[in-house]
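# Structural overview
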Amino acid sequence: MERHMSKLNSRAKSERASREIGESMNGNVQFKKSSITQLFELVVSTLYGKDSFYESANDKVVRAREAMDKVLAEHGEQGAEYIGRVIIFARTKMNMRTMPIVMAVELAAALYRQNIKWPGLRGVVAGVINRADELNDMFAYAEKVFDANKQEGGKGRIPRQVLNGIGDAFNKFDLYQFGKYNDTSKDKTFKKVINVVHPTPLDKDQSDIFARIVNNDVPSPYTWEVVKTQNGMLPEAERKSEAEVWTELVTRKGSGSMGYMAMLRNLRNIGNAGVTNELINFVAERISNPVEVQRSKQLPWGFINAHAEALKAGLPTRLELAVADAAGLALGNMPSIGKKVWIILDCSGSMGRFSSYAYDPKRNDDNSPIKIGAIFAAALFKAAQNSDCVALSMFSDKAELVRLEPKDSIMTMYQKIMAKVYGGGTNLQAALEQKSQLGFEPDTVVVLSDMEVNGLTGNSYHWDQPKKAPVNVAKLFDKDAVLVAVNLNSSQTTPLDPRDGWIQLSGWSEAIFRYVDFTRRGDSVAMKLFNGELVD
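Each chain carries its own residue numbering, running from 1 in the direction its sequence is written. Given that this is a predicted model, residues contribute local features only at a pLDDT of at least 70 and side-chain atom pairs are listed and counted only at 80 or more, while totals for whole chains, interfaces and linings are drawn from all residues. Heavy atoms from the whole structure form the basis of all side-chain values; hydrogens and water molecules are not counted.

### Here we look at the overall build of the protein chain
Helix and strand counts for the protein chain stand at 22 helices and eleven strands. Partly exposed describes any residue whose relative accessible area lies between the buried limit of under 20% and the exposed limit of over 50%, with all areas from a 1.4 Å probe on protein chains only and scaled to the type maximum. Every one of the 536 residues in the protein chain was classed for burial, and the buried ones make up 53%. Here the protein chain has roughly 24100 Å² of accessible surface; of this, 48% comes from carbon and sulfur atoms. Secondary structure elements follow DSSP: runs of H or I no shorter than four residues count as helices, runs of E no shorter than two count as strands, and numbering proceeds from the N terminus. All accessible areas in this document rest on Shrake-Rupley with a 1.4 Å probe, and a residue is counted as covered only by the protein chains that are shown.

Structural data, given as structure tokens:
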């Protein structure tokens with residue numbers, strides 16, 4: 001792909017050219033993001049397939065598609081190269097899987113709609129496929145998109161560059177990887193896809209692998225998924241018990257042994273299978289092993305979710321405590337986000353569903369914005385303990401500087417934050433006004449909100465609050481401070497103007513933590529990608 005991007009030598013104009021005005025979902029006048037910024041944040045910070053509070057993930061794809069069309073209309077082939085870089089960045093630097101695949105296909109469709117012929121598309125398609133099952137995922141989504149294109153009057157054929165890119169990616173995988181993901185129960189299989197894309201093998205070994213795929217001769221490797229499936233297909237009298245199967249899977253050594261993350265994701269299955277206490281202790285010791293946690297590169301989010309699942313499923317206390325310990329250890333996998341950190345968390349009514357001024361877990365799913373925001377806030381606060389200063393403000397009608405004990409675990413911090421959530425209005429200005437109470441000048445500010453907030457106009461939003469002067473956000477922070485607005489609902493508008501230095505992130509993902517690390521290095525990552533600069 002880079003071969004077709006090397007001619008980009010000219011710099012893009014700064015986004016400071018003009019301020020577009022838009023309206024948020026709750027009717028407040030806010031600043032509208034440029035197509036470049038909006039596309040970037042939607043692609044790199046959205047977990048495709050997870051529903052959000054105000055809109056479904058599919059709506060985010062529609063909006064990313066619209067932003068893509070706008071980028072191409074404004075910048076032509078240079079816009080295509082930018083979009084390609086964003087997609088590859090999301091896959092390789094942010095370690096995202098599904099959204100880059102979706103957007104690679106959407107890029108092909110957008111190029112077709114705008115009649116732009118860009119030779120780099122093939123490289124983008126091949127570049128985002130880094131796991132064997134993604135070959136079938138890419139093909140299935142392309143077929144879906146271009147079938148819809150046919151309904152709208154298009155040709156309905158998947159572009160040759162997409163097919164060639166998938167074909168190129170076939171050469172990335174060996175027989176074991178094809179066997180591991182060879183799910184013949186799905187509509188799109190390796191055999192069906194290979195017979196359409198006709199990949200050119202790099203050598204004789206790869207040619208032999210392709211022939212075995214076509215001849216249905218791909219052996220199933222020993223993996224926990226295969227073992228579970230095969231055991232379930234046996235006659236009932238011959239099947240092993242759940243306890244026997246999970247004991248075999250957990251204790252196996254060498255080839256086919258269960259990976260750390262597979263074990264974490266299957267804690268509920270293991271804990272409810274009736275296995276022995278010895279096996280429970282074995283699993284708990286591995287889950288809380290510092291070396292395993294570090295090697296997993298997982299951030300606390302995954303462990304906190306696993307802990308919630310353990311509590312919900314009534315798993316043995318030993319497993320629950322092991323996951324809590326792992327969540328604390330995972331803080332070591334988080335990049336430093338600054339020396340003087342201020343975290344601002346929205347706990348207003350739009351962030352969740354409330355009963356009698358209290359957060360009601362029965363009325364909220366696991367992905368409600370307030371729960372996600374509280375987890376992020378706890379993780380950021382705990383991770384910043386090695387910084388010089390860290391503070392947490394929470395706001396709804398009013399704002400409060402929340403005192404957390406540094407010695408508390410990340411789980412305890414999360415629970416204390418949630419205990420202070422009660423709903424109400426969305427007075428971000430009250431939180432920003434607390435800057436004078438911090439006792440330090442922050443070099444990093446992270447606002448966690450659905451951005452359905454009242455305007456920063458100084459108006460009173462509570463019966464005992466007088467009208468105040470508007471907050472001048474542009475002059476509130478040092479010019480070198482990293483200012484990050486995490487929009488937990490991917491709204492198209494923001495009360496925090498990008499022209500004032502606010503970096504906009506959309507949706508929720510562990511990738512946000514990695515992104516904050518990227519932003520500290522200088523200019524906007526989106527603009528670096530647009531200008532063809534390397535982002536390491």
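Moving on from the model shown.
### Some points on the pattern of salt bridges
Between side chains of opposite charge, a pair can form when the charged atoms approach closely. A pairing counts as a salt bridge when a side-chain nitrogen of Lys or Arg comes within 4 Å of a carboxyl oxygen of Asp or Glu. The tally for this structure, following the rule as stated, stands at 20 salt bridges. For D133, the salt bridge is made with R131, and the minimal N-O distance between the two is 2.8 Å. Judged by its relative accessible area of 14%, D133 is buried. Beyond isolated ion pairs, a larger network of salt bridges with shared partners links E143, D187, K188 and K192.

### Quick word on the environment of S255
On the secondary structure map, S255 appears in the loop between α11 (242–251) and α12 (260–265). C-alpha separation for the pair S255 and Y222, spaced 33 residues apart in sequence, amounts to 7.6 Å.

### Comments concerning the nonpolar core
Within the largest apolar cluster, 74 residues are counted, with the highest numbers of intra-cluster contacts made by V283, I287, F303, L392, I417 and L448. Top element by residues in this core is helix α18 (residues 369–383). It accounts for ten residues. Look past the residues within four positions of L392 in its chain and what remains in contact with it is I343, L345, A377, F381, E400, L401, V402, L404 and I417. Within this scheme, the nonpolar core is defined by two criteria: the residues are buried Ala, Val, Leu, Ile, Met, Phe, Trp, Tyr or Cys, and they are joined through side-chain atoms within 4.5 Å. With 69 residues, the next largest nonpolar core counts V86, W118, V124 and I158 among its residues. Here, residues are in contact when the closest pair of their heavy atoms is within 4.5 Å.

### Focus on unusual backbone geometry
Even without a glycine there, the phi angle at N115 is positive, about 55°. By the secondary structure assignment, N115 is in the loop between α3 (98–113) and α4 (121–128). According to the relative accessible area criterion, N115 is exposed, its value standing at 63%. Here H198, not a glycine, exhibits a phi torsion of approximately 50°, which is positive. Following the sequence through the fold, H198 ends up in the loop between α8 (190–197) and α9 (204–214).

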